[in-house]
Amino acid sequence: MMKRIGISYTVFLFVVIVILSGNGLLFAQDSGLKVSGILESSVTVGAGTGEASGFFYGLEEYANLRIQARIRERAVFYGAFNFIAASGTSAEAAAALGMLGTAAVGENYVAAMELERLYFRLNGEHMDVETGLMRLAFGYGQVFGPMDFLNPRNPLFPDARPRAVLGGALYYYPADTVRVLAFGAAPKDPFAPNGGGSLVGLSGDRHWGKASVQAIYAFETPHGGDDQGIHRMGLSFKGDLELGITADMLYTYNGADGTGIEGLAAAAGADYSFWEGRFYALAEYLYSGSASSTSIKSGNLSGFPGQNYLFAQLLYRFSDYTNVSLGCLTPFDDLSVTPILGAAHELFQGMNLDLSCRFSPLAAEGSRFQLTLKARLRF
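Note that the structure is a prediction, hence the values are computed from the model and not measured.

1. Side note on the overall build of the protein chain
Here is step 1: In terms of regular secondary structure, the protein chain is built from three helices and 19 strands.
Here is step 2: Within the protein chain, buried positions represent 41% of all 379 residues.
Here is step 3: Sequence-distant contacts in the protein chain: of pairs separated by 6 or more residues, those separated by 24 or more amount to 48%.
Here is step 4: Accessible surface, the protein chain as shown: approximately 20900 Å² in total, 63% of it carbon and sulfur.

Here you go:
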């Protein structure tokens, strides 16, 4: 009965939000309410060899609904919800991302609703404040993003929405090209009674005409016992010349372990457009220490088991509406290659069809081929 109530409540809330969104879109200038979102329908099929042998499939219906409401002149409220119904391998993937914690189980699917963002922003002349469930993003890296340790990325899943953190941020703008940020976040364990694992930090950005630099320091408070807390120090750079260049590094130091070079995560990349913008090329290298922000061994579920990785991608635009891309992720430790072939076509404004093919070597477990077709509607 509880599961039936849960899914009924989700459907009811979705209908209410849609009705409100319609009114918001009609009267946006008067009410200050703006609603946008994404609706995706995807089908995945594939097969594996070795221990991973056998056919598999996945079906998924996913929606991300975002609400923005302006309160007078200086305050803005933001909210976002994820709705998902899935089966097969798509349900497994959603569970691994933590999106099915309160799932309702139907006859051939699981469904869930997730609160993704819930925060407000106060705007001042030289200072802004944000607090709530929000994203705190750092660094300029396009693929691996070592500096973005609160929202870890994986180049194999570029469309994944970054997870939020519960915290607050104070932005100070001493000049038009300078930003100073003081931030804090709750512990990773929301049930920690003593606040162990809380995060506080500072970052600063400086922008020039063709370049930007960002620095960050963050301290994670001790969890207890002999734990002395975790220090994180990082630096990020981007340059926009004929060749776009980015560089990210974040060093994680655990006082209890005396972390050495294993705490370093560093990435450097470049991108370039040529032939009147029809071709776009991107390459980025990652060094990932075993105790760093990009390592799966340090607790990052989207992290990497090895140390050295290269991601490369080439995209060709047939027109403003159609493109194809070929990318690959290569770990230098075992020289295995994960190629990714993609194609995208815009049917009309706001409606896209995406096709992706991926071949994943799984070491001694065999290999896996996966094909995904996705229809995406933006509103």
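2. Remarks on the environment of Val35
Here is step 1: Along the chain, the position of Val35 falls in strand β1 (residues 33–48).
Here is step 2: Distance in space between the C-alpha atoms of Val35 and Ala80 is 9.6 Å, their sequence separation being 45 residues.

3. Here we look at the side chain of Ser288
Here is step 1: Here Ser288 is to be found in strand β14 (residues 279–288).
Here is step 2: Within the local environment of Ser288, its side chain forms a polar contact with the side chain of Ser292, the two groups lying 3.5 Å apart.
Here is step 3: With residues up to four places along the chain from it excluded, the contact list for Ser288 reads Leu264, Thr294, Ser295, Gly306 and Gln307.

4. Let's talk about the nonpolar core
Here is a general trend for soluble globular proteins: nonpolar side chains tend to be buried in one another's company.
Here is step 1: If you look at the biggest cluster of nonpolar residues, it comprises 17 residues, and the most contacted ones within it are Leu136, Phe138, Phe149 and Phe183.
Here is step 2: Those elements giving two or more residues to this core turn out to be β7 (165–175), β8 (178–185) and β10 (211–220).
Here is step 3: Excluding residues within four positions of it along the chain, Phe183 makes contact with Leu136, Phe138, Gly168, Ala169, Leu199, Val200, Gly201, Leu202, Ser203, Ile216, Tyr217 and Ala218.

5. Some remarks on unusual backbone geometry
Here is step 1: The residue Trp275 is not glycine, and still its phi comes out positive at about 55 degrees.
Here is step 2: Assignment of secondary structure puts Trp275 in the loop between β13 (264–274) and β14.
Here is step 3: You will see that Glu276, though not glycine, has its phi angle at about 55 degrees, which is positive.
Here is step 4: Inspection of the secondary structure assignment puts Glu276 in the loop between β13 and β14.

6. Here we look at the pattern of salt bridges
Here is step 1: Summed over the entire model, instances satisfying the criterion amount to ten salt bridges.
Here is step 2: Where Glu220 meets Arg232, a salt bridge forms, and the shortest distance between an N and an O atom there is 3.0 Å. Residue Glu220 is located in strand β10, and its partner Arg232 is located in strand β11 (residues 230–240); the two are separated by twelve residues in the primary sequence.
Here is step 3: Accessibility expressed as a relative area gives 5% for Glu220, which makes it buried.
Here is step 4: Asp354 is the partner of Arg376 in a salt bridge, and the nearest nitrogen-oxygen pair spans 2.5 Å. Taken together, the residues Arg376 in strand β19 (residues 367–378) and Asp354 in strand β18 (residues 351–361) connect sequence positions 22 residues apart. Comparing Arg376 with Asp354, the two get one shared label, buried.
Here is step 5: Each member of the salt-bridge network shares a partner with another, and the members are Glu40, Asp354, Lys374 and Arg376.

7. Observations regarding the packing of aromatic side chains
Here is step 1: Across all of its chains, the model carries twelve aromatic pairs by this definition.
Here is step 2: A ring pair is formed by Trp275 and Phe279, whose centres lie 5.6 Å apart and whose planes are at 15 degrees; its orientation type is stacked.
Here is step 3: Taking 4.9 Å as the distance between ring centres and 45 degrees as the angle between the ring planes, the aromatic pair formed by Phe304 and Tyr309 counts as tilted.
Here is step 4: Since its relative accessible area comes to 5%, Tyr309 is described here as buried.
Here is step 5: Through a chain of ring-to-ring contacts, three or more aromatic side chains come together here, namely Tyr272, Phe274, Trp275, Phe279, Tyr316 and Phe318.
Here is step 6: Taking the ring centre of Tyr171 as reference, the NZ or CZ of Arg121 above it sits at 5.2 Å.
Here is step 7: If you follow Arg368 out to its NZ or CZ, it ends over the ring of Phe56, 5.0 Å from the centre.

8. Looking at a nonpolar patch on the surface
Here is step 1: Together, Leu39, Leu347, Phe348, Leu353, Leu355, Leu373, Leu377 and Phe379 make up an exposed nonpolar region whose accessible area comes to about 680 Å².
Here is step 2: Listing elements by their share of the nonpolar patch, those giving two or more residues are β17 (338–348), β18 and β19.
Here is step 3: Here Leu347 shows up in strand β17.

9. Notes on the pairing of β18
Here is step 1: Judged from the eight bridges that link them, β17 and β18 form a sheet pairing that is antiparallel. Among the inter-strand pairings, Gly342 is bridged to a residue of β18, identified as Ser356.
Here is step 2: Taking the residues that link successive antiparallel strands as the turn, the β17-β18 hairpin has two residues, and the phi of Gly350 there is positive, at about 95 degrees.

10. Overview of the side chain of Asn308
Here is step 1: For Asn308, the location among the structural elements is in strand β15 (residues 308–317).
Here is step 2: Residue Asn308 is classed as buried on the basis of its relative accessible area of 18%.
Here is step 3: For Asn308, the side chain forms a polar contact with the side chain of Tyr285, separated by 2.5 Å.
Here is step 4: Leave out the neighbours within four places in its chain, and Asn308 touches Tyr285, Leu286, Tyr287, Thr330, Pro331, Phe332 and Asp333.

11. Some details on the confidence of the model for the protein chain
Here is step 1: When pLDDT is averaged along the protein chain, the result is 86, and 87% of the positions lie at 70 or above.
Here is step 2: Scored below 50 in pLDDT, residues 1–9 makes five contacts in the model with residues more than four places away or belonging to other chains.
Here is step 3: Segment residues 23–30 is flagged for pLDDT under 50; beyond a separation of four residues in sequence, or across chains, it makes four contacts in the model.

Scoring rules and cut-offs
Residues numbered from 1 in each chain as written. Predicted model: local features only at pLDDT ≥ 70, side-chain atom pairs only at ≥ 80, totals over all residues. Heavy atoms only, no water. Helix = DSSP H or I, 4+ residues; strand = E, 2+ residues; numbered from the N terminus. Buried < 20%, exposed > 50% of the residue type's maximum accessible area, 1.4 Å probe, protein only. Contact = heavy atoms within 4.5 Å. Areas by Shrake-Rupley, 256 points an atom, 1.4 Å probe, with all protein chains shown as cover. Polar contact = N/O pair within 3.5 Å; in protein donor to acceptor, adjacent residues only side chain to side chain. Core = buried A, V, L, I, M, F, W, Y, C linked by side-chain atoms within 4.5 Å. Salt bridge = Lys/Arg side-chain N within 4 Å of Asp/Glu carboxyl O. Phe/Tyr/Trp six-rings, centres within 6.5 Å; stacked < 30°, edge-to-face > 60°. Lys NZ or Arg CZ within 6 Å of the ring centre and 35° of its normal. Patch = residues over 30% accessible without salt bridge, like charges linked within 9 Å, V, L, I, M, F, W, Y side chains within 5 Å. Pairing = 2+ DSSP bridges. pLDDT = per-residue confidence, 0-100.

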